[in-house]
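# A look at the structure
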Amino acid sequence: MKRILITGALGQIGSELTLKLRDIYGADNVIATDLKKNDSEAALSGPFEVVDVTDGKTMVETARKYKVDTVMHLAALLSATAEAKPVFAWNLNMGGLLNALETAREMNAQFFTPSSIGAFGPSTPKDNTPQDTIMRPTTMYGVNKVAGELLADYYFEKFAVDTRGLRFPGLISYVALPGGGTTDYAVEIYYEAVKNGRYTSYIDKGTYMDMMYMPDALNAIVDLIEADGSKLKHRNSFNVSAMSFDPEEIAASIRKYIPGFKMNYNVDPTRQKIAESWPNSIDSSAAKEEWGFKFDYDLDKMTKDMLDKLSKKFQ
Ligand code: NAD
């Protein structure tokens, strides 16, 4: 059994992860926290507390109150937003992470936080990007993610905190909208396809990035936190990806179900530059070997499910 505190629990990942963890470990054993409460299922279906991750005292007090044995740290400023507010991003992403790691150390708790393909940079090998390779990102978000991976490894080596992480690609879901990342186009395109039959992409054709459907991302989190720690050679963080496509390929996949779908381009230089600094496709073999990472959804299977679910949502 686990008793889990989640930060940033009402965001794109947290609003689904909270429900999945409550299904597995029991509603009372999953404490959702975020900057403020809303009327989402994640906020209402079990314990919820207001925790600003830059306030370490409140985070530790909340962890003590519920006697948690696992900390899942999701609160962060994502890549595109972080580029607009770099100093704020550093303080939130690094300060929040340090407080969450300290909370885990204090509670003797297991710790999970997502890293990102944004931790790679222009000098990283672009195709089949290895688990262990050059990581010199050129975005504030990427700098935060690399520093965060190192800090989480440091807490494992120095304080024996059981830290684990995943380098997520762009995550696609129909439940909550993404919060200002570079891969958000791959979510917006499905919403616009269902609502208007057309989409104007801010990412240019020919720009490949890794992606994963949310159900596979949630399974990966659970599989990693449940994995036998003695088998892990890596900890922070594992490459995981299910597919890699460019805007033309996702549009072609949508046309299999909505034949008249139209795609235009109005490239946003900031997000395009970030996308070009990231890998085309990463190699997830270390995750497969060390804890059995697997995924169910390829591009077409995901497209069908996204379009089905969104059509019902907007009926
Ligand atoms: P999101 O932007 O959708 O949600 C972040 C949540 O954090 C929001 O609910 C927000 O209210 C909360 N938050 C912001 N500032 C806070 C603060 N000071 N204190 C407490 N809560 C605060 O993000 P997400 O997509 O759910 O991402 C979660 C994690 O996964 C992040 O670390 C992100 O870098 C990582 N990640 C996400 C993706 C993706 O595609 N969604 C890909 C790779 C990595």
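The following refers to the structure shown. (Residues numbered from 1 in each chain as written. Predicted model: local features only at pLDDT ≥ 70, side-chain atom pairs only at ≥ 80, totals over all residues. Heavy atoms only, no water.)

### Re the pairing of strand S7 (residues 163-168)
Stated formally: Only protein chains enter the area calculation, which uses a 1.4 Å probe; residues under 20% of their type maximum are buried, those over 50% are exposed, and those in between are partly exposed. Numbering of helices and strands starts at the N terminus; helices are DSSP runs of H or I of at least 4 residues and strands are runs of E of at least 2. For two strands to count as paired, DSSP must find a minimum of two bridges between them.
Of all six residues making up S7, six are buried, and the element is well covered by its neighbours. Bridge count between strand S5 (residues 110-116) and S7: six bridges; the pairing is parallel. Opposite Phe112, over in S7, you have Arg164 as the bridge partner. With two bridges joining them, S7 and strand S11 (residues 238-239) adopt parallel strand pairing. Across the sheet, residue Leu166 finds its bridge partner in S11, namely Phe238.

### Topic: the packing of aromatic side chains
Here is the rule we go by: Here the aromatic set is Phe, Tyr and Trp, taking the six-membered ring for Trp, and pairing holds for ring centres within 6.5 Å; pairs whose planes are under 30 degrees apart are stacked, those over 60 apart are edge-to-face, and all others are tilted. We call a charge positioned over a ring when the NZ of a Lys or the CZ of an Arg lies within 6 Å of the ring centre and within 35 degrees of the ring normal.
Applying the stated rule across the entire model yields nine aromatic pairs. For the ring pair Tyr154 and Phe159, a centre distance of 6.1 Å and an interplane angle of 90° mean the geometry is edge-to-face. Overall, the relative accessible area of 42% leaves Tyr154 in the partly exposed class. Among the aromatic residues, those joined into a cluster by ring pairs are Phe238, Trp291, Phe293 and Phe295. Taking NZ or CZ as reference, Arg105 lies 4.1 Å from the ring centre of Phe159, over its face. The ring centre of Tyr297 lies 4.8 Å from the NZ or CZ of Lys301, which sits over that ring.

Any functional reading would require information that these geometric values do not contain.
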